[in-house]
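Listed here are the chains, written in short residue letters.
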Amino acid sequence: MVKVVGIRFKPVGKIYYFNPDGTELSVGDGVIVETTRGVEYGTVVLSEKEIDEEKFNMPIKSILRKATEDDKKQVEENKIRTKEARDICLEKIAANGLEMNLVDVEYTFDRSKILFYFTADGRVDFRQLVKDLAAVFRTRIELRQISVRDEAKLLGGLGICGRPLCCSQFLGDFEPVSIKMAKEQSLSLNPTKISGTCGRLMCCLKYEQEAYEALLKTTPNAGAIVDTPMGRGTVISARLLRGMVQVKMDSEDAVVHEFKVDDIVIIKNTSRSHNKNEEGEKVDIRTLKELEKD
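Residues numbered from 1 in each chain as written. Predicted model: local features only at pLDDT ≥ 70, side-chain atom pairs only at ≥ 80, totals over all residues. Heavy atoms only, no water.

**Notes on the pattern of salt bridges**
Argument step 1. A full pass over the atoms with the stated rule returns 16 salt bridges.
Argument step 2. Salt-bridge contacts for R37 lead to E106; the nearest nitrogen and oxygen are separated by 2.9 Å. Pair noted here: R37 is in the loop between β3 (30–35) and β4 (38–51) and E106 is in strand β6 (residues 101–107), with a separation of 69 residues, a long-range link. Of the two residues examined, R37 and E106, each falls in the buried class.
Argument step 3. Of the charged contacts in the structure, one is a salt bridge between E69 and K72, with a shortest N-O distance of 3.9 Å. Within this pair, E69 and its partner K72 are both found in helix α1 (residues 69–95), separated by three residues, close to a single helical turn.
Argument step 4. Note on E69: relative accessible area 54%, which makes it exposed. (Salt bridge = Lys/Arg side-chain N within 4 Å of Asp/Glu carboxyl O. Helix = DSSP H or I, 4+ residues; strand = E, 2+ residues; numbered from the N terminus. Buried < 20%, exposed > 50% of the residue type's maximum accessible area, 1.4 Å probe, protein only.)

In structure tokens form, the structure reads like this:
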């Protein structure tokens, strides 16, 4: 077992574990640590606890020191420098005629490296751009192509719900989201209604998926043959969250009644069909698959 604290390098980012090495730390404290990118400034977000070191693939590094006031001033100076670096990078991108969108610029704490984050539709040959930037800044340059999800996380914004984007507020990591989730939640398969600001499937589809999967195991699909307290019939629709199904009775008048799922017995179930949107129009599966990409 080893003692660790959880550290973030961005307000809403992945949590990394470091050994406090005897340093007294509280949540909110700034620390200086050695990372694969170089010396970095981070913030303690999880207080000290003991964990099994064998669960980690790499050795757990120790914190170099608790951040001083001078360290915090350097962080602020780095933020000011990134504005200048961004303007220069934009000029060099235009001069090289590159089709790329600069999203963010970041200095490592010790200024040993500048990272430029960008998006592009395909691969970009930025070798000359790196040379041009290195000639100006005289330090290591790294250009990193990121996904549209990462771009939304960095820039922030409002979702279709009117609230700030989840990824920029509290999601440390992106979890896989699939078209299957939208289908099982009986949502419209209209791409504009199930995609977020980033143009990919909304992250919130993941939130209730576990509950829907449990309900689908006990709820018959449309077209299923069921026995009800009023006789046999065919399921025409279901309201998963309410635990209710509408059944068209086999009687001559074919009356439709609503029953609780617990009050019916499934005689023959059917496969669930999701190849149409809420207007009944067929959907292009290839278009929907594009929404699943990172």
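Now that the structure has been shown, the text picks up again.
**Here we look at the pairing of strand β11 (residues 244–249)**
Where a strand is regular, its side chains alternate between the two sheet faces.
Argument step 1. As defined by bridge partners, strand β10 (residues 231–239) adjoins β11 across six bridges and the pair is classed as antiparallel. Bridge assignment links A238 to a residue of β11, and that residue is V245.
Argument step 2. What sits between β10 and β11 in their antiparallel hairpin is a turn of four residues, with G243 showing a positive phi close to 70°.
Argument step 3. Bridging between β11 and strand β12 (residues 256–260) involves five bridges; their strand directions are antiparallel. Within β12, the residue paired with Q246 across the bridge is E258.
Argument step 4. Linking β11 to β12, which pair antiparallel, is a turn of six residues; within it A254 sits at a positive phi near 50°. (Pairing = 2+ DSSP bridges.)

**Some thoughts on the environment of V33**
Argument step 1. For V33, the position within the fold is in strand β3.
Argument step 2. Spatially, the C-alpha atom of V33 lies 8.2 Å from that of K61, the residues being 28 residues apart in sequence.
Argument step 3. Filtering out sequence-adjacent residues up to four positions away, V33 remains in contact with I7, F9, F18, G38, V39, E40, I63 and L64. (Contact = heavy atoms within 4.5 Å.)

**Looking at the environment of N221**
Argument step 1. Relative to the helices and strands, N221 resides in the loop between α7 (209–216) and β9 (225–228).
Argument step 2. Considering only alpha carbons, one finds N221 and D253, 32 residues apart in sequence, at a separation of 23 Å.

**A few points about the sheet that holds β9**
Argument step 1. Across the sheet, five strands lie side by side as β12-β11-β10-β9-β13; this open sheet has antiparallel pairing. Across the chains shown, the open sheet's two edge strands, defined by having one partner strand only, are β12 and β13 (265–268). The average angle at which neighbouring strand axes cross in this sheet is 45°, direction not considered. (Axes fitted to C-alpha atoms, helices over the stretch in contact; angles between N-to-C directions.)

**Some remarks on the packing of aromatic side chains**
Argument step 1. Using the criterion set out here, one finds four aromatic pairs in the structure.
Argument step 2. Here F118 and F126 contribute two aromatic rings whose centre-to-centre distance is 5.7 Å and whose plane-to-plane angle is 80°, an arrangement assigned as edge-to-face.
Argument step 3. Taking relative accessible area as the criterion, F126 reaches 23% and is therefore assigned partly exposed.
Argument step 4. Of the aromatic side chains, those joined through ring pairs into one cluster are F9, Y16 and F18.
Argument step 5. Across the ring face of Y117, the terminal group of K10 is positioned such that the distance to the ring centre comes to 4.8 Å. (Phe/Tyr/Trp six-rings, centres within 6.5 Å; stacked < 30°, edge-to-face > 60°. Lys NZ or Arg CZ within 6 Å of the ring centre and 35° of its normal.)

**Remarks on helix α2 (residues 127–137)**
Since the α-helix turns once every 3.6 residues, residues separated by three or four places project in the same direction.
Argument step 1. When α2 is considered as a whole, its buried residues turn out to be L129, L133 and F137. One face of α2 carries all of its buried residues, which in axial projection span an arc of 55°. Of the residues in α2, the exposed ones pointing more than 90 degrees away from the buried face are R127 and K131.
Argument step 2. On its buried side, α2 packs onto α1, β6, β7 (113–119) and β8 (140–145).
Argument step 3. Directly after α2, the chain includes R138, whose backbone phi takes a positive value near 55°. (Arc of directions from axis to C-beta.)

**Some remarks on the nonpolar core**
Argument step 1. With 18 residues, the main nonpolar core has M100, F116, L133, F137 and L143 as its most contacted residues.
Argument step 2. When contributions to this core are tallied by element, the ones reaching two or more residues are α1, β6, β7, α2 and β8.
Argument step 3. Not counting residues up to four positions away in its chain, the partners in contact with L143 are M100, F116, F118, F126, L129, V130 and L133.
Argument step 4. Core analysis: the second largest hydrophobic core is formed by eleven residues, V177, L205, L288 and L291 among them. (Core = buried A, V, L, I, M, F, W, Y, C linked by side-chain atoms within 4.5 Å.)

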